[in-house]
Amino acid sequence: MTKEEFLSMSQKPISVIIAEDEEGNRMFLRNILEQHSNIEVIGEAANGKELINLAYKLRPQVVFVDIEMPELDGMSAVKELVERNEELVVVFVTAHSDFAVEAFEVSSFDYILKPFKADRVEMTLEKIKRYFSERELDLKKLYNIFKSTDKLYIKCGHELHFIDANSIYYIEKDRKKTVIHTTSGKYETNESISDLEGRLSTVNFFRSHKCYLINLRMIQKILPWGDNSYLVKFFSSNNDALISRAKVKMLYDLLEIGS
């Protein structure tokens, strides 16, 4: 999910496709669903093949699926859809209870027996709305962490790490890798140093060199190092970073001290 998709998510109704070979049953379900302003029926299918084609095209969040349909049954269609989209909410509608175990195996959200009763469908809709409401709250919590400058999230291989920004000494470009040096060790990532800089507080972090981003709060001292660079020493660390002569002047200007 992109940031744009997340921000617009709460403003959009829950999208639903109804897959049912009997037109009367489709109409019955549609009439109930359309009474809810935060639920939108975006398509209808009369068989499993139509469901798959519609789902790939319209990307619904929820499908109401009759298990026994012509050309391709609903169970087979759902298995294919769930392989591509594990987040798809599936509600099976059927005249037979024999498929309950198989429906459970494909992680169906609910299982409604025919003939339909309006209050039973309404109960399912309330469960669906509660599920998406809770999911949205969880996503908002994650989003607040991701946009926070107090935490830096980085991908290391197949792992996602959340690093306390205050624990970072400096970030270093090392060949094709970017290395984050912290009080608890170091982390390597393929993300660029510029991308990480954009996610950290500009108050605490300073781009001291094309290959270094340093945490100003962790600096112990700065001392000359060669003709064009200075060395940055950090509290409680044996590792050093570099700062260019031009950036030293800029830092002194920011700190309002003479160079």
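You'll find the structure just up there.
Per chain, residue numbering runs from 1 following the sequence as it is written. In keeping with the model being predicted, local features are shown solely for residues with a pLDDT of at least 70 and side-chain atom pairs are shown and tallied solely at 80 or more, while totals for entire chains, interfaces and linings include all residues. In computing side-chain values, all of the structure's heavy atoms are included and hydrogens and water are not.

Quick look at the pattern of salt bridges now. The term salt bridge refers to a pairing of a side-chain nitrogen on Lys or Arg with a carboxyl oxygen on Asp or Glu at a separation within 4 Å. On inspection of all chains with the given rule, the structure shows 14 salt bridges. For Arg-26, the salt bridge goes to Glu-44, with nearest N and O atoms at 3.1 Å. Taken as a pair, Arg-26 in helix H2 (residues 23-33) and Glu-44 in strand S2 (residues 39-45) lie far apart in primary sequence, 18 residues in all. To sort residues, take the accessible area from a 1.4 Å probe on protein chains only and compare it with the maximum for the residue type: under 20% means buried, over 50% means exposed, and anything in between is partly exposed. On the accessibility criterion, Arg-26 (13% relative accessible area) is buried. A relative accessible area of 29% places Glu-44 in the partly exposed class. Among the salt bridges present, the one from Arg-207 reaches Glu-197, with a minimum N-O distance of 2.9 Å. A residue pair is termed long-range when its members are at least 10 positions apart, and Arg-207 in strand S11 (residues 205-209) and Glu-197 in helix H7 (residues 193-199) qualify at 10 residues. By relative accessible area, which is 17% here, Arg-207 ends up buried. We classify Glu-197 as partly exposed; its relative accessible area is 29%. Here the residues in one salt-bridge network are Arg-26, Arg-30, Glu-34 and Glu-44, joined through shared partners. Helix and strand definitions follow DSSP, with helices as H or I runs of at least four residues and strands as E runs of at least two, each counted in order from the N terminus.

Before going further, it helps to examine the sheet that holds strand S13 (residues 219-225). At least two bridges found by DSSP between two strands is the condition for calling them paired. What the 3 strands build is an open sheet, ordered S13-S14-S15; its pairing is antiparallel. The open sheet has two free edges, formed respectively by S13 and strand S15 (240-244), since each of these has just one partner strand. Neighbour-to-neighbour, the strand axes of this sheet turn through a mean angle of 30 degrees, independent of strand direction. The pairing of S13 with strand S14 (residues 229-234) spans 6 bridges and is antiparallel. Looking at the pairing, Ile-222 lines up with Val-232 of S14. Pairs of residues are marked as contacts when any of their non-hydrogen atoms sit within 4.5 Å. For every element, the axis is a line fit to its C-alpha atoms; helices are fit only across the contacting stretch, and the angle between N-to-C directions ranges from 0 to 180 degrees. Those strands touched by helix H8 (residues 245-255) are S13, S14 and S15, and its axis lies near 85 degrees from that of S15.

Here H8 has its buried residues at Val-248, Leu-251 and Tyr-252. Each buried residue of H8 lies within a common arc of 100 degrees when the element is viewed along its axis, so the set occupies one face. H8 presents Ala-246 and Leu-254 as exposed residues on the side facing more than 90 degrees away from its buried surface. Buried positions along H8 lie against S11, S13, S14 and S15. Two residues or fewer after H8 comes Glu-256, characterised by a positive phi angle close to 60 degrees. This arc corresponds to the set of directions leading from the helix axis out to the C-beta atoms.

To continue, consider the sheet that holds strand S5 (residues 110-113). Strand order in the open sheet formed by 5 strands is S2-S1-S3-S4-S5, with parallel pairing between adjacent strands. The sheet is open, and its two edges are formed by S2 and S5, each paired on a single side. Sheet twist, expressed as the mean angle between neighbouring strand axes with direction ignored, is 20 degrees. Those strands touched by H2 are strand S1 (14-19), S2 and strand S3 (62-66), and its axis lies near 165 degrees from that of S2.

So, on to unusual backbone geometry. Following Lys-114, the chain continues to Pro-115 via a peptide bond in cis, the omega torsion being -5 degrees. Despite not being glycine, Glu-71 shows a phi value in the positive range, around 70 degrees.

A separate point is the pairing of strand S12 (residues 212-215). Burial along S12 is two-sided: Tyr-212 and Ile-214 facing one way and Leu-213 and Asn-215 facing the other are all buried. Bridge count between strand S8 (residues 168-174) and S12: 3 bridges; the pairing is antiparallel. Its bridge partner being in S12, Ile-171 is matched across the sheet by Leu-213. Examined bridge by bridge, S11 and S12 share 3 bridges and lie antiparallel to one another. Looking at the pairing, Phe-206 lines up with Ile-214 of S12.

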